[in-house]
Amino acid sequence: MLTECSASEIHRRILAREVSCEEVVQAHLERIDAGNPKLNAFLCRTPDLALETARAVDARVAQGKELGPLAGVPVAIKDNISVPGAEVTCGSRILKGYRPIYGATVYERMLAAGLPCLGKTNMDEFAMGSSTEHSAFGATSNPWDLERVPGGSSGGSAAAVAAGLAPVALGSDTGGSVRQPAALCGIVGLKPTYGAVSRYGLVAFASSLDQIGPFGRTVEDCARLFDVIRGRDPKDSTSVDYPGRPGGADLSKDLTGLRVGVPEEMLGEGIDAQTRAAVQGAVRQLEKLGAKVGTAHLPHLKYSIATYYVIACAEASSNLARYDGIRYGLRTENAPDLSGLFENTRGEGFNPEVKRRIILGTYVLSSGYYDAYYLRAQKVRTLIRRDFLQAHADFDVLAGPVSPTSAFRKGEKSENPLEMYLADICTLSANLAGIPGLSMPCGFSNTGLPIGLQLLGRPFAESQLFNVAHCLERELGVASRRPAP
Ligand code: GLN
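Residues numbered from 1 in each chain as written. Predicted model: local features only at pLDDT ≥ 70, side-chain atom pairs only at ≥ 80, totals over all residues. Heavy atoms only, no water.

Draft legend 1. The arrangement of the overall build of the chain in detail. Scanning the chain from terminus to terminus reveals 15 helices and eleven strands. Here the C-alpha radius of gyration of the chain, 21 Å, is about what a compact globule of 485 residues would show, namely 23 Å. With the principal axes as the frame, the chain shows a C-alpha extent of 65 × 50 × 45 Å. Burial status across the chain gives 61% buried among its 485 residues. Across the chain, contacts joining residues at least 24 apart in sequence account for 76% of those joining residues at least 6 apart. Within the chain, one finds 51 positive and 52 negative side-chain charges whose respective centroids are separated by 2 Å. (Helix = DSSP H or I, 4+ residues; strand = E, 2+ residues; numbered from the N terminus. Rg over C-alpha atoms; globule rule 2.2 N^0.38 Å. Buried < 20%, exposed > 50% of the residue type's maximum accessible area, 1.4 Å probe, protein only. Contact = heavy atoms within 4.5 Å. Lys, Arg positive; Asp, Glu negative; His and termini not counted. Charge placed at Lys NZ, Arg CZ, Asp CG, Glu CD.)

See below:
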C-alpha cells in the first residue's frame, strides 16, 4: 500500500514511473479521510495545493527533468507554520480565520523541491504542552492506543506519520515538541541545531529556543527531509549557512570507535523501569556495533525545568503580546473601550495554559523580579550549555531517554501543569544549549507502547546523529512494527 511506503520508496517509485505523484497524494488524502475522525491529527487538509504541486512533479517526470531527493513525497505541516492561503490556527481560538498570504521558508523549500503539502496538523495551543490535549480543536489520539496522548506539542504531525496519514511531517521543538511526540508515537524526529533551519513563517513561541524539525517513520526519511529544509535564509537572521555535512551523507558509516556517553542524570529517579531498560538495551547494541560507551555527567540538568519555564514564559509573554484583536483572527464582541477590546479578546481567545504562561512570563520580567528570575535563569542556561560542551569533549554522542514514560492516558496530567512540565526533563536541555537532538524508537513497553531513545550531538553534527540512528535502527528492527490501522 502506498501509505505504508517510506518517503524514500515513494520517491523512487515516482521516478521509476511506477506511480504518479497525483496518485500518491490521492492515496494519502483518502487515508486521512478514513483515519482522521478517530485520531484528530489534521485540523485541515489542503487538497488543491497538494494536487497542484503533484501535477507539477508529474509533468517534470514526464519531461525527464531532474528532481530533488524527496520530490513527490507529501508532507503534513504543524499548524503554527505558514502555508499561503491556509488557515494557521496554532491550535488556538485567537487566530481563528487568520490566513497568511505568504509561506514559511520551510514550506517554500519543500515546494521548490517538489513536496506537496497535505494539510495542517493539530497541536497544543501556541505549542505550549506535551500532550496535544491543550488544543482549542480537541485532543489528538495516539494511534497505538486511542485512549492515550500522542505527546506534544506536535502531536498531530507525529500521530499522522505513525498512522500512515502522511509519510513525513514538520513540527516545531521549543522544549521537546518534536522529539517527545516522536517517542510516544514510535517514529523518528529531529530537533535541529539552533540556527540550522529558518523560522521565517513559524509563529513564535520562545524565540531563543524554537526550531522547526522533521518527522519520518525511518531515520533516512527524517534525514532527507532535514536536507530539504535546512540552511541560511536572509529572512531569519538567526539562521546560518549550514556548516555541517548533509543529514543523509553518512547514514551507513561504520560506528567503530564512536564514543557514546550515557548521562547519569537522565537515567535516575523518575524514569520508568521499562524505559530505562529499553534505553540501556539500545546502548548495548551500539557497543556491539563498535561504539565505546561511558558515563557522562550533566550536573546542571536538574535545573533545566525551572530554567526553561522562566525563559520560555518570558519570551512567550513578549511574543504573544501581538494578539490584540486588531491585527489577527478573533475580535471580541464585548469591547466597551480600547483596553476592554484587548482584554476581552485575549480573555476569550487564549486557553488557561497560555494565560498561565503569559502571567508567569510577565512576572519574571517585571522590574524588581527580573534579576531574581530572568537574569538568574540566563546564567543557569550558560551552565547547562557548558555541561554539554564538556560532555561532548569526551563523547561524540550522548544517549538517553526522550520521555520518562511511554504514552500516558488522556486526562492523566492535564489538570496538573507541574506534572506535565516534569515530563520534559530529558528534552529541554538540548533547546537551552542549542544542540541537535534526535528521537527514535528503541523498544516497546509490555503493554505494546513505543519507547524512544534520544541521541544528542554537537552543534551541526546532525549527520552523525542520523548515522548512529540509522545503524541502530537496522540492528533493533523496531521501525517495521506499526500500529494497527
Ligand atoms: N512541553 C514543552 C512546553 O510545554 C515544550 C513545548 C515545545 O517544545 N513547543 O513548553
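Draft legend 2. Unusual backbone geometry, seen in detail. Ser 153 follows Gly 152 through a cis peptide bond whose omega is 5°. Positive phi outside glycine occurs at Phe 126, with the angle close to 55°. Here Phe 126 lies in the loop between strand S3 (117-121) and helix H5 (155-162). Although it is not a glycine, Thr 132 sits at a positive phi angle of roughly 60°.

Draft legend 3. View of the site of the ligand. If you check the shell around the ligand, you find 15 residues, and the closest are Thr 174, Gly 175, Ser 177, Tyr 308 and Arg 357. In this structure, Ser 177 approaches the ligand through a side-chain N or O atom, which is 2.6 Å from an oxygen atom. Between the ligand and the protein, one listed contact pairs an oxygen atom with a side-chain N or O atom of Arg 357 at 2.8 Å. In isolation the ligand has 300 Å² of accessible area, and contact with the protein removes 99% of it. Residue composition of the shell around the ligand, grouped by class: five nonpolar, seven polar and three charged. (Near = heavy atom within 4 Å. Polar contact = N/O pair within 3.5 Å; in protein donor to acceptor, adjacent residues only side chain to side chain. Areas by Shrake-Rupley, 256 points an atom, 1.4 Å probe, with all protein chains shown as cover. Nonpolar A, V, L, I, M, F, W, Y, C, P; charged D, E, K, R; others polar.)

Draft legend 4. Main features of the side chain of Arg 179. Considering the arrangement of structural elements, one finds Arg 179 in helix H6 (residues 179-185). At a separation of 3.0 Å, a polar atom in the side chain of Arg 179 contacts the main-chain carbonyl oxygen of Thr 427. With residues near it in sequence (within four places) discarded, Arg 179 still touches Asp 173, Gly 189, Lys 191, Val 402, Thr 427, Ala 430, Asn 431, Gly 437, Leu 438, Ser 439 and Gln 454.

Draft legend 5. A look at the sheet that holds strand S6 (residues 211-216). An order of S1-S3-S2-S4-S6-S5-S10-S11-S9-S7-S8 is seen for the eleven strands of this open sheet, with the pairing classed as mixed. Each edge of the open sheet carries a strand with a single partner, namely strand S1 (42-45) and strand S8 (292-296). For this sheet, the mean angle separating the axes of adjacent strands, direction not counted, is 30°. As paired strands, strand S7 (residues 259-263) and strand S9 (residues 397-401) are joined by two bridges and run parallel to one another. (Pairing = 2+ DSSP bridges. Axes fitted to C-alpha atoms, helices over the stretch in contact; angles between N-to-C directions.)

Draft legend 6. Looking closely at the packing of aromatic side chains. Following the criterion strictly, the structure yields 16 aromatic pairs and no others. Taking 5.9 Å as the distance between ring centres and 70° as the angle between the ring planes, the aromatic pair formed by Phe 126 and Phe 350 counts as edge-to-face. One end of the pair, Phe 126, is in the loop between S3 and H5; the other, Phe 350, is in the loop between helix H10 (338-349) and helix H11 (352-365), and 224 residues separate them in sequence. Overall, the relative accessible area of 3% leaves Phe 126 in the buried class. Among the aromatic residues, those joined into a cluster by ring pairs are Tyr 98, Phe 126, Tyr 323, Tyr 328 and Phe 350. The cationic tip of Lys 413 hangs over the ring face of Phe 408; the distance from NZ or CZ to the ring centre is 4.8 Å. (Phe/Tyr/Trp six-rings, centres within 6.5 Å; stacked < 30°, edge-to-face > 60°. Lys NZ or Arg CZ within 6 Å of the ring centre and 35° of its normal.)

Draft legend 7. Seen up close, the pattern of salt bridges. Tallied over the entire structure, the rule returns 19 salt bridges. In this structure, the salt-bridge partner of Asp 173 is Arg 179, at a minimum N-O distance of 2.9 Å. Arg 179 shares its class with Asp 173; the two are buried. Linking Glu 353 and Arg 357 is a salt bridge whose minimum nitrogen-to-oxygen distance equals 2.8 Å. (Salt bridge = Lys/Arg side-chain N within 4 Å of Asp/Glu carboxyl O.)

Draft legend 8. Local environment of the environment of Val 478. Mapped onto the elements, Val 478 comes out in the segment after helix H15 (462-476). Apart from the residues lying within four places of it in its own chain, the contact partners of Val 478 are Pro 441, Cys 442, Gly 443, Phe 444 and Glu 473.

Draft legend 9. Quick peek at the environment of Ile 358. Summarising the element assignment, Ile 358 is placed in helix H11. Spatially, the C-alpha atoms of Ile 358 and Gly 247 are 36 Å apart, while their sequence positions differ by 111 residues. Not counting the four nearest positions on each side in its chain, Ile 358 is found in contact with Ser 317, Leu 320, Arg 346 and Phe 350.

Draft legend 10. Summary view of the pairing of S3. Taking burial as the measure, the five residues of S3 include five buried ones, the bulk of the element. Pairing of strand S2 (residues 75-78) with S3, which is carried by four bridges, proceeds in the parallel orientation. The residue of S3 that forms the bridge with Val 75 is Cys 117. Handedness of the β-α-β unit built from S2, helix H4 (residues 105-112) and S3 comes out right-handed. (Right-handed = clockwise from strand over helix to strand, strands pointing away.)

Draft legend 11. Expanded view of the pairing of S6. The element S6 is extensively covered by neighbouring structure, given that six of its six residues are classed as buried. Here S6 shows a buried face lined by Gln 211, Gly 213 and Phe 215 and a second buried face lined by Ile 212, Pro 214 and Gly 216. For strand S4 (residues 168-173) and S6, the ladder comprises six bridges, and the chain directions are antiparallel. Along S6, the bridge assignment pairs Val 168 with Gly 216.

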